[in-house]
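# Structural features, examined
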Amino acid sequence: MDRDEAEELLRTLFADPGAARLRAEQVLVPDPDVALASIGHQIVGIVVRDLGDMEAALHEMRTALRLARRSGDHARAADAKATLGISLCAAGRTREGLRHLDEAAAALDGVPLARVLVRRARVMSFTQENFEAGAGDLVRALAILDRSDDEIWRARALHLQGLTRTGLGDLDAARRAFEEAMEVHAGLGLRSDVATGIHTRGWLAFLEGDLPRALECYADASDRFDDLDITSVDLVYDRCSAYLVAGMPADALDVVERALEARPVIETERADLLLALAGAAFAAGDWARARSAADAACRLYQRQARQRHWVRAELYAIWSRAEVTGRPARLLPRLETLVTAARESAAPELPQALLLGAQVASRVRGPGAAQLVDHWLDEAAACRNASTGTTRALGWLALARRREAAGEAGAVIRACERGLRALDEHQATLGSQELRAGSAGHGAALAELGTRTAMSRGDARQLLRWSERWRATALATPARTAGHDAQTRADLVALRAQRRRLEEALADGAPTDALEARATRLEQQVRRRLLQERGSGEAAAALDVRSLLEALAEDDTVLVELTELDGVLHALVAGRGRVRHRVVGEATAAAAAVDFSLFTLRQAARGRRAQLDVAGARLERALLGDALNGVGDSRIVVSGTAALQGVPWGLVPLLARRPVTSTPSARLWLRARSARPADEDRRVMLVGPGLGSGGAEVPAVVAQDPGAQVLDGDAATVSASLAALDGAALAHVAAHGRFREDSPLFSSLTLADGPLLVHDLQGLDRPPHRVVLSACESGVMAPVGDQELLGLAAALLSMGTAGVVSSLAEVDDAATVEVMVALHARLRQGGGLGDAMLAAREAAAGESVLAATAASFTVLGL
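Remember, predicted model here, so these are calculated numbers, not experimental data. (Residues numbered from 1 in each chain as written. Predicted model: local features only at pLDDT ≥ 70, side-chain atom pairs only at ≥ 80, totals over all residues. Heavy atoms only, no water.)

Moving on: the overall build of the protein chain. On a plain count of helices and strands, the protein chain comes out with 40 helices and 16 strands. Here the protein chain has a C-alpha radius of gyration of 31 Å; the compact-globule value for 862 residues is 29 Å, and the two agree. In terms of its C-alpha atoms, the protein chain occupies a principal-axis envelope of roughly 100 × 70 × 45 Å. For the protein chain, long-range pairs separated by at least 24 residues make up 70% of all intrachain contacts whose partners lie at least 6 apart in sequence. If the 101 positive side-chain charges of the protein chain are averaged to one point and the 115 negative ones to another, these points end up 4 Å apart. (Helix = DSSP H or I, 4+ residues; strand = E, 2+ residues; numbered from the N terminus. Rg over C-alpha atoms; globule rule 2.2 N^0.38 Å. Contact = heavy atoms within 4.5 Å. Lys, Arg positive; Asp, Glu negative; His and termini not counted. Charge placed at Lys NZ, Arg CZ, Asp CG, Glu CD.)

Structure, rendered in structure tokens:
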């Protein structure tokens with residue numbers, strides 16, 4: 001290999017690093033020409049460095065520099081020195097590395113100088129975040145490279161220019177630079193650089209607040225890196241950040257932990273992964289792990305002189321301590337240092353640092369701390385005009401807390417409303433119900449402060465509005481469109497087939513590891529694609545209390561909305577033209593009563609001795625107190641907190657003899673009330689395989705309703721069932737249900753050819769108007785985010801289904817037949833699902849298993 005070929009191999013090594021290293025080791029390193037051997041060691045050093053073995057890399061690069069000096073070629077030595085310099089910076093030895101880069105730049109001119117300037121610009125802009133200095137080097141480098149034929153280094157310079165322009169706040173110029181760089185990389189066939197370009201597209205979208213677009217680009221880039229067997233730490237960090245904004249800490253942790261295990265990492269990469277780990281652990285509530293990771297990241301960033309990154313790590317280090325410390329005064333000096341550093345470096349975390357500082361300082365006595373609170377809240381409040389909704393919300397939260405300290409309750413309410421409105425706009429951009437639910441956590445502090453302030457004013461109507469303001473917004477936010485794209489539908493079909501093969505293998509005692517892995521990959525593909533769906537842009541409407549009271553009066557119904565504040569459960573009773581506020585009791589007692597009631601129902605379903613009356617009385621005391629005093633014989637609709645949705649209200653003595661339904665929110669009850677079936681005469685009965693009862697209630701119901709469409713046996717496939725469900729007035733599904741606590745939207749109903757997933761139902765053009773799910777525990781839902789729910793019944797309501805009957809506990813097969821026959825008989829007479837379940841409870845009275853079965857079924861909606 002001659003000198004020109006060796007230089008070309010060095011220049012293009014990132015196209016295939018493994019092959020470049022092999023050629024260098026076999027051909028160049030042993031070459032007696034010390035200049036060629038120098039290039040060989042330099043190539044090996046770069047590849048080994050990017051694999052994480054920094055010690056070996058630095059040895060190779062020092063060898064390359066020594067050989068270059070022996071060759072007498074000053075340009076060769078300067079290039080080797082520049083590579084050693086940027087590698088030392090990556091190892092955290094920034095001052096030494098920059099000295100080498102400065103010396104290399106001073107020794108060169110022309111294209112070799114431009115290459116050194118690009119390397120130095122990477123350190124200045126990307127590592128030290130000194131964007132002005134990086135921009136200066138890039139202007140000089142591009143002035144040379146634009147006149148050269150070295151497209152590879154020109155593209156690298158353009159990509160760095162995009163990073164630099166982003167840091168300087170010029171996103172339009174950054175986008176132009178990134179796109180031009182990616183066009184060059186694509187033309188040269190540099191696949192890893194193209195993947196990096198797609199990653200930066202996602203990063204820009206994230207900075208602009210377009211979370212679905214960011215996730216789409218990150219997923220595409222991740223696939224491309226996987227194909228090349230490359231782990232991009234920058235991408236891992238950015239995906240983690242996106243998941244945290246989406247309120248998905250488990251996904252963020254998974255991404256980081258897999259990256260930490262993928263390969264050895266260099267010191268700068270380790271610092272970034274530790275920072276990502278700290279953020280994910282903090283969001284997951286693991287304060288000790290967050291503190292440990294953040295402390296380690298802080299030490300590395302200080303050594304690397306990466307100020308902005310240190311600010312992020314120090315924020316988590318202090319925040320995780322603030323969650324558990326009883327001595328907040330000890331944190332104030334660190335917080336003052338953090339705020340100063342965040343301000344000086346223009347870190348985007350400044351609003352969070354200011355709010356955290358104010359929160360900690362408010363727990364410290366003394367005039368100095370009080371002045372800090374006021375000053376920091378005022379500064380944070382200036383962020384309410386930021387470009388992204390989540391940052392604007394932080395600004396409004398700061399203003400609300402400032403007004404709270406001044407005793408201005410009306411101003412607090414207004415600021416909290418403005419902050420939640422900013423988050424409404426953010427949620428409206430998200431098409432994924434899972435994303436909307438997770439992101440609701442950003443509004444928790446605003447909603448709590450608004451609710452607390454409304455409660456202090458003694459205005460029950462305003463308190464109801466605030467109890468409702470941030471409740472089940474993910475379900476109430478209008479969807480953009482119905483239906484899935486072709487690839488998602490294909491993946492769902494493949495996943496169904498895979499799950500069926502898995503079940504067959506389990507039944508045969510065959511190995512299942514490969515099948516499980518394939519099914520998991522398909523789930524990840526479906527979920528990833530759905531997270532990228534864009535929202536309608538339309539936010540959920542706020543509750544109009546007057547309209548609610550009018551609707552309740554028209555239906556002779558009373559709403560009981562439960563809300564929790566500081567561990568105390570409150571009931572807001574709306575009906576007969578007014579709203580009353582009642583304090584119920586400790587929230588822990590309510591949760592314990594629900595657990596006991598579900599245990600009692602399971603005991604009864606198994607034919608064991610069970611005190612249903614005791615469980616019902618305990619539920620009434622713990623969840624309602626005296627809230628039902630004075631409601632007369634009205635129908636009741638209960639809106640529990642997210643943690644109190646799975647309640648068997650039919651067990652409660654004061655509710656058992658009247659129509660009672662539940663709803664995630666009053667807004668969803670109003671929407672359900674106005675819903676109408678697409679086809680009033682179409683009723684569908686679906687029967688899945690493997691039921692202990694064989695779906696015996698269906699023939700019994702159909703005998704009295706011969707016009708109903710029945711799908712059972714081999715005919716009850718997922719595709720046929722979806723077609724039947726689309727637009728049906730009433731759908732009865734007798735099929736085994738499986739709730740996925742780890743991923744509620746992959747909960748399913750088992751049909752002839754495999755599972756019908758929640759995601760399948762979300763692809764319907766017209767949801768069924770009313771749905772009856774007769775299988776055990778088909779109504780289980782998972783609370784996520786802040787007052788949000790995910791699960792089969794919740795998904796149906798979010799799509800526009802008016803009401804769902806489902807069970808909260810194990811039910812007896814034979815008793816279920818009788819309960820369902822009574823329910824359908826009442827539905828045929830007219831009325832809603834609440835009336836039908838009342839008829840079923842009345843028919844079951846007097847026999848414990850029957851009564852427990854009827855009480856296990858609840859109505860969500862109408």
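Still more to cover.
Contact geometry of helix 27 (residues 486–508) with helix 28 (residues 513–531) gives a least axis separation of 9 Å together with a crossing angle of 155°. One finds that helix 27 runs roughly antiparallel with respect to helix 28. The crossing of helix 27 and helix 28 is left-handed. Side by side, helix 27 and helix 28 meet where Q487, T488, D491, L492, A494, L495, Q498, R499, R501, L502 and A505 of the first sit next to L515, E516, R518, A519, L522, E523, Q525, V526, R529 and L530 of the second. (Axes fitted to C-alpha atoms, helices over the stretch in contact; angles between N-to-C directions. Parallel < 35°, antiparallel > 145°, perpendicular 65-115°, else oblique. Left-handed = near helix turned anticlockwise from the far one by under 90°.)

Within the chain, E129 stands out as a residue other than glycine whose phi angle is a positive 55°. If you trace the backbone, E129 turns up in the loop between helix 7 (110–127) and helix 8 (131–145). A positive phi angle is found at D556, which is not glycine, with a value near 50°. Its place among the elements puts D556 in the loop between helix 29 (545–554) and strand 1 (557–565). Residue classification places D556 among the partly exposed residues on the basis of a relative accessible area of 44%. (Buried < 20%, exposed > 50% of the residue type's maximum accessible area, 1.4 Å probe, protein only.)

Bringing the pattern of salt bridges into the picture now. Scanning the model with the defined rule gives 60 salt bridges in all. Two residues, D254 and R258, come together in a salt bridge whose shortest N-O distance is 3.1 Å. With a gap of four residues between them, D254 and R258 both fall in helix 14 (residues 249–262), about one helical turn apart. The exposure class assigned to R258 is partly exposed, which follows from its relative accessible area of 49%. For R471, the salt bridge identified is with E561, shortest N-O distance 3.4 Å. Note that R471 is positioned in the loop between helix 25 (460–469) and helix 26 (473–476) and E561 in strand 1, a separation of 90 residues in sequence. Looking at R471, the relative accessible area reads 3%, which means it is buried. One salt-bridge network, held together by shared partners, links R3, E7, D73, R76, D79 and R119. (Salt bridge = Lys/Arg side-chain N within 4 Å of Asp/Glu carboxyl O.)

Before going further, it helps to examine the side chain of T94. Relative to the helices and strands, T94 is located in helix 6 (residues 94–106). Polar side-chain contacts of T94 include one of 3.0 Å to the backbone oxygen of Q304. The contacts of T94, once residues within four sequence positions are left out, are L88, C89, V123, Q128 and Q304. (Polar contact = N/O pair within 3.5 Å; in protein donor to acceptor, adjacent residues only side chain to side chain.)

Here we come to the sheet that holds strand 10 (residues 748–751). Overall, antiparallel pairing links the three strands, which are arranged 9-10-11 in an open sheet. Both edges of this open sheet fall to strand 9 (737–738) and strand 11 (754–757), since each of them pairs with a single strand only. Bridge analysis of strand 9 against strand 10 gives two bridges, and the strand direction is antiparallel. Bridge pairing links R738 to S748 in strand 10. Running over the sheet, helix 35 (residues 718–725) touches strand 10 and strand 11 and is turned about 30° from strand 11. (Pairing = 2+ DSSP bridges.)

What follows covers the packing of helix 22 (residues 409–428) against helix 25. Helix 25 packs onto helix 22 with a crossing angle of 25° between their chain directions and a minimal axis gap of 12 Å. Judged by the inter-axis angle, helix 22 sits roughly parallel to helix 25. Here the hand of the crossing between helix 22 and helix 25 comes out left-handed. Where helix 22 abuts helix 25, its residues I413, C416, E417, L420, R421 and D424 lie against Q462, R465, W466 and R469.

Moving on, we come to the packing of aromatic side chains. For the structure shown, the criterion picks out three aromatic pairs. Relative to W319, the ring of F282 has its centre 4.7 Å away and its plane inclined at 40°; by these criteria the two rings are tilted. Here W319 lies in helix 17 (residues 307–322) and F282 lies in helix 15 (residues 267–283), a separation of 37 residues in the sequence. Taken together, the ring pairs connect F282, W287, Y316 and W319 into an aromatic cluster. Above the plane of the ring of W153 lies R156, whose end atom (NZ or CZ) is 4.6 Å from the centre. (Phe/Tyr/Trp six-rings, centres within 6.5 Å; stacked < 30°, edge-to-face > 60°. Lys NZ or Arg CZ within 6 Å of the ring centre and 35° of its normal.)

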